[in-house]
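Listed below are the residues making up each chain.
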Amino acid sequence: MFMAQGSERDSAIKSEFVEKIIGWYEENGRHRFPWRNTEDPYEILTAEFLLQKTTAEQVEEVYPKFLEAFPEVGDLAEAPKEEILDIIGGLGLAYRADRMKEVAQEISDDYKGRVPEGLDELLNLKGVGDYTANSVLCYAFGRARPVIDTNAGRILKRVFGLNVGGRLRQSDDLWSLAEDLVPENEPKKYNLGLLDLGAFVCHKKEPECKKCPVKDLCCSSRAGEEYGVRDL
Ligand code: SF4
């Protein structure tokens, strides 16, 4: 098992891991999504709310309409709930309309309409947890923060042999490792690379290790077999 602060060899492996994830993302990532091509904090926060329990392909359809109707935080804060639901109601989770409007009102009232740049301030917004807060910090403000969903957590667990079960994202070992890994340079490409690799290669069942850019580093790889993973 690797340690968050380990030997020189561990550091070299971590650097190689990060480089390979970024390289893989540059060639294979889903670059087309509009929320991946903006650094506007409001647009990124909007995308993260819409992506909760919803596929990117579904969000892709409504996202431009949403931003056209509510281009600024203040527009969303003042919008009637029915207008918001007209656009996002088809995604399900209707409570999001209330939640997004409330957050827009908080940002308008408490931060003069600007999405805050501090982790604590972001976490104080209703419905904003670690994942969303770190997404905004990384994708909008370029901060080296780990963005760990279930897929990304699974990759770190498998590659670095973390012996954690159950609620992976609540593991201190995982967070410590994730914070240590995320690079100051290109944190966005690294985080998005992990998300996409988890979605398309390192599946929960039957990961496609032969296609994986980090198979030579991975404690769980079975790249030499048809498929499969040796979960620790
Ligand atoms: S080698 Fe296999 S188990 Fe390891 S990260 Fe890649 S796909 Fe996942």
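Residues numbered from 1 in each chain as written. Predicted model: local features only at pLDDT ≥ 70, side-chain atom pairs only at ≥ 80, totals over all residues. Heavy atoms only, no water.

- As annotated in an unreviewed UniProt entry, the protein carries the name Adenine DNA glycosylase and is attributed to candidate division MSBL1 archaeon SCGC-AAA259I09.
- Heading Cofactor (unreviewed entry) of the UniProt record for the protein holds this comment: "[4Fe-4S] cluster".
- Taken from UniProt, the Sequence similarities (unreviewed entry) comment for the protein reads in full: "Belongs to the Nth/MutY family." (UniProt positions renumbered as here; feature names shortened; annotations may be inferred.)

**Focus: the domain arrangement of the protein**
Alright, step 1. Domain annotation of the protein identifies domain 1 (8-30 + 145-211) and domain 2 (40-139).
Alright, step 2. A straight line from the C-alpha centre of domain 1 to that of domain 2 covers 26 Å.
Alright, step 3. Counting residues at the interface gives 13 residues for domain 1 and nine residues for domain 2.
Alright, step 4. Of the roughly 870 Å² buried where domain 1 meets domain 2, counting both sides, 65% is carbon and sulfur surface.
Alright, step 5. Per-residue buried area on domain 1 facing domain 2 is highest for R145, V147 and K188; these three make up 54% of the total on that side.
Alright, step 6. Inspection of the domain 1/domain 2 interface yields zero salt bridges.
Alright, step 7. For the pair domain 1 and domain 2, the interface holds two residue pairs in polar contact (both at pLDDT 80 or more).
Alright, step 8. A class-by-class count of the residues in the side of domain 1 that touches domain 2 yields seven nonpolar, one polar and five charged. (Domains from an automatic or database assignment. Contact = heavy atoms within 4.5 Å. Buried area = accessible area lost by both parts, 1.4 Å probe. Salt bridge = Lys/Arg side-chain N within 4 Å of Asp/Glu carboxyl O. Polar contact = N/O pair within 3.5 Å; in protein donor to acceptor, adjacent residues only side chain to side chain. Nonpolar A, V, L, I, M, F, W, Y, C, P; charged D, E, K, R; others polar.)

**Observations regarding the packing of helix α8 (residues 130-139) against helix α11 (residues 187-200)**
Alright, step 1. Orientation of α8 relative to α11, taken along the N-to-C sense of each, is 140°, at an axis distance of 9 Å. Between α8 and α11, the interaxial angle falls into the category oblique. As for how α8 packs across α11, the hand of that crossing is left-handed. Contact residues: Y131, C138 and Y139 in α8; P187, K188, N191, L192 and L195 in α11. (Axes fitted to C-alpha atoms, helices over the stretch in contact; angles between N-to-C directions. Helix = DSSP H or I, 4+ residues; strand = E, 2+ residues; numbered from the N terminus. Parallel < 35°, antiparallel > 145°, perpendicular 65-115°, else oblique. Left-handed = near helix turned anticlockwise from the far one by under 90°.)

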